[in-house]
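Okay, here's what each chain looks like letter by letter:
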Amino acid sequence: MTAAVFSAGIAAIEHLSEMLGVEIEHKTWFGPMHFSEVYGWGRKKNTRWPRLYAARHSIPYASLEDGFIRSYGLGINGSPTLSVVRDYTGIYYDSTRPSDLELMISASVGHDDKTLNLAAVARRAIVDAGITKYSTGAEFMPSPEFLSSSAPKILVVDQTFGDMSVIYGSPRGNVFPEMLKSAAIENPGCEIFIKTHPDVLSGKKSGYFGLDEANKYGAKLLASDVNPYSLFPYFERVYTVTSQMGFEALLAGKRVTCFGVPFYSGWGLTDDRSSCGRRGVARTLDDVFICAYMKYSSYLNPLTKGAGTIFDVISYVMDMKMKVG
């Protein structure tokens, strides 16, 4: 099977064919076709042409995106891709319409013991090793001032300005100011901290919160690249709009409040301030993890450069973290 991509960026992703199990061909014009499928990247504007091409030739179209364990290192700095997702219905961060992941979670009514055991092993490894989308960041080393306060601490997660997951996952628009205000009002006597996004810290992008917004509510900026899993033990509660860090907080056993509609909200796992009428059924954390990380995602075996599993990527990232640190 051969899939057409119109984007040079997609065509340049190393080992994409191996991860997806399909030959990828970069198409640059609307000539004769011999493709089984057509792919575009998420909800980018340049997906108009591949969508039109697929519709014109009556062949399936799918949206691609980075996987939830994308790489060891920031993608914006060119770190090689270790996982991708492929969605024929929508894309996981677009709450305005269904996605394969949403439909999969909604239909999830139980898993066999083998799958549950594998999920437990994967979840434990992810939390213990601090494996995130990019798996970078130093261990959080709290200052004496941080430790001297006995007040409970609340974490508010910033995101990159204009991120697609915010645009398509926040039906009420820019709710970041509302989220920070609510975190302060709902947690009297607590210290509020804002976690800056790694892409903002790298200087490549901007976020929604700065010093002025933080000072308005007496919040403090965590403006250093630290691994989220090393942060979570110090915080009672996490507030987010649509960040994947909210799901990682759930894996770490934290209470999570969502002001947008990320893939993990609406299933009874989070305190939701924006709703999605298509959801509303109770699902376990295992249900969402298995669907998102084990079924929806496609992985590379970083050693053989062939199709891999979540465990191949976990093992590789753990090895890289040990070598670096």
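I will try to describe carefully the structure that is included in this document. As the structure is a computational prediction, the values presented were derived from the model and not from experiment. (Residues numbered from 1 in each chain as written. Predicted model: local features only at pLDDT ≥ 70, side-chain atom pairs only at ≥ 80, totals over all residues. Heavy atoms only, no water.)

1. Some remarks on the sheet that holds strand S8 (residues 220-222)
Note the threshold: Should DSSP find at least two bridges between two strands, the strands are regarded as paired. Secondary structure is summarised from DSSP: a helix means a run of H or I of at least four residues, a strand means a run of E of at least two, and numbering begins at the N terminus for each. When checking whether two residues touch, look at their non-hydrogen atoms; a contact exists if any pair is within 4.5 Å. Between the N-to-C directions of two axes lies an angle of 0 to 180 degrees, each axis being a line fitted to C-alpha atoms and, for a helix, fitted only over the stretch in contact.
Read from one edge of the open sheet, six strands run S8-S7-S6-S9-S10-S11, paired in parallel fashion. Two strands lie at the open edges of the sheet, namely S8 and strand S11 (271-272), each paired on one side alone. Sheet topology places strand S10 (residues 255-258) next to S11; two bridges connect them, and they run parallel. When the sheet's bridge partners are listed, Cys258 is paired in S11 with Asp272. Packing of helix H8 (residues 176-186) onto the sheet brings it into contact with strand S6 (153-157), strand S7 (191-195) and strand S9 (237-240), and relative to S9 it is tilted by some 160 degrees. Seen against the sheet, helix H12 (residues 244-251) touches S6, S7, S9 and S10 and runs at an angle of roughly 155 degrees to S10.

2. With respect to the pairing of strand S1 (residues 2-5)
The following threshold applies: Remark: exposure states derive from per-residue accessible area (1.4 Å probe, protein chains only) relative to the maximum for the residue type, with buried under 20%, exposed over 50%, and partly exposed in between.
Every second residue of S1 is oriented toward a common face, with Thr2 and Ala4 on one face and Ala3 and Val5 on the other, all of them buried. As defined by bridge partners, S1 adjoins strand S3 (residues 37-41) across three bridges and the pair is classed as parallel. Across the sheet, the residue bridging to Ala3 is Glu37, located in S3.

3. Some thoughts on the pairing of S7
A large share of S7 lies buried, amounting to five of its five residues. Of the two faces of S7, both are covered, the one formed by Glu191, Phe193 and Lys195 as well as the one formed by Ile192 and Ile194. Strand direction decides the pairing type here: S6 and S7, joined by five bridges, are parallel. The residue bridging Val157 from the neighbouring strand is Lys195, located in S7.

4. Some thoughts on the packing of helix H5 (residues 113-129) against helix H13 (residues 285-295)
Here is the rule: Should an angle lie under 35 degrees it is considered roughly parallel, over 145 roughly antiparallel, and from 65 to 115 roughly perpendicular; all remaining angles are considered oblique. As a working rule, the residues Ala, Val, Leu, Ile, Met, Phe, Trp, Tyr, Cys and Pro are called nonpolar, Asp, Glu, Lys and Arg charged, and the rest polar, with Gly in that last group.
Two numbers describe how H5 lies on H13: the axes approach to 10 Å, and their chain directions differ by 80 degrees. With respect to H13, the axis of H5 lies roughly perpendicular. On H13, the residues that touch Thr115, Leu116, Leu118, Ala119, Ala122, Arg123 and Ile126 of H5 are Leu285, Asp286, Phe289, Ile290, Tyr293 and Met294. Residues belonging to the contact of H5 with H13 are distributed by class as follows: ten nonpolar, one polar and two charged.

5. Things to note about empty space enclosed by the protein
Going by this rule: Using only the protein atoms, space was sampled on a 1 Å grid; points where a 1.4 Å probe fits but cannot get out form cavities, open sets with protein on both sides within 12 Å along at least five of seven lines form pockets, and lining residues are those with an atom within 4 Å of a point. Grid points are joined across faces, edges and corners, and a volume is the space filled by probe spheres set on the points.
This structure, assessed with the given rule, holds one cavity of 30 Å³ or more. Its volume calculated, the largest cavity comes out at about 60 Å³. Surrounding the largest cavity, 14 residues form its lining, Tyr92, Ser99, Glu102, Phe263 and Arg279 being those nearest its centre. When grouped by side-chain class, the residues that make up the lining of the largest cavity number seven nonpolar, two polar and five charged.

6. Let's talk about the nonpolar core
What counts is decided by this rule: Buried Ala, Val, Leu, Ile, Met, Phe, Trp, Tyr and Cys residues that are joined via side-chain atoms within 4.5 Å together make up what is termed a nonpolar core.
Among the nonpolar cores identified, the biggest contains 50 residues, and Ile126, Phe247 and Tyr293 are the most heavily contacted of them. The contact partners of Phe247, leaving out residues within four places of it in the chain, are Phe263, Tyr264, Leu285, Val288, Phe289 and Tyr293. The next biggest cluster of nonpolar side chains, apart from the first, holds 17 residues, and it includes Val175, Phe176, Met179 and Ala219.

7. Considering unusual backbone geometry
With the exception of glycine, most residues fall at negative phi, and the peptide bonds are largely trans. For Ser58, which is not glycine, the phi dihedral falls at a positive 55 degrees. Secondary-structure assignment places Ser58 in the loop between helix H3 (48-57) and strand S4 (61-66). We note that Ser135 has phi near 60 degrees; this positive angle belongs to a residue other than glycine. If you trace the backbone, Ser135 turns up in the loop between H5 and helix H6 (144-148). In this structure Ser135 comes out as buried when scored by relative accessible area, which is 1%.

8. Looking at the pattern of salt bridges
For clarity, the cut-off: Between Lys or Arg on one side and Asp or Glu on the other, a salt bridge is scored when a side-chain nitrogen of the former is within 4 Å of a carboxyl oxygen of the latter.
Under the criterion given, the structure shown has 13 salt bridges. The closest approach of N and O atoms between Glu102 and Arg279, which form a salt bridge, is 2.9 Å. Of the two residues, Glu102 is situated in helix H4 (residues 100-107) and Arg279 in the loop between S11 and H13; the sequence distance between them amounts to 177 residues. We classify Glu102 as buried; its relative accessible area is 5%. Between Glu178 and Arg172 there is a salt bridge, with its nearest N and O atoms 2.8 Å apart. Linked through salt bridges whose partners overlap, the residues forming this network are Glu186, Arg237, Asp271 and Arg273.

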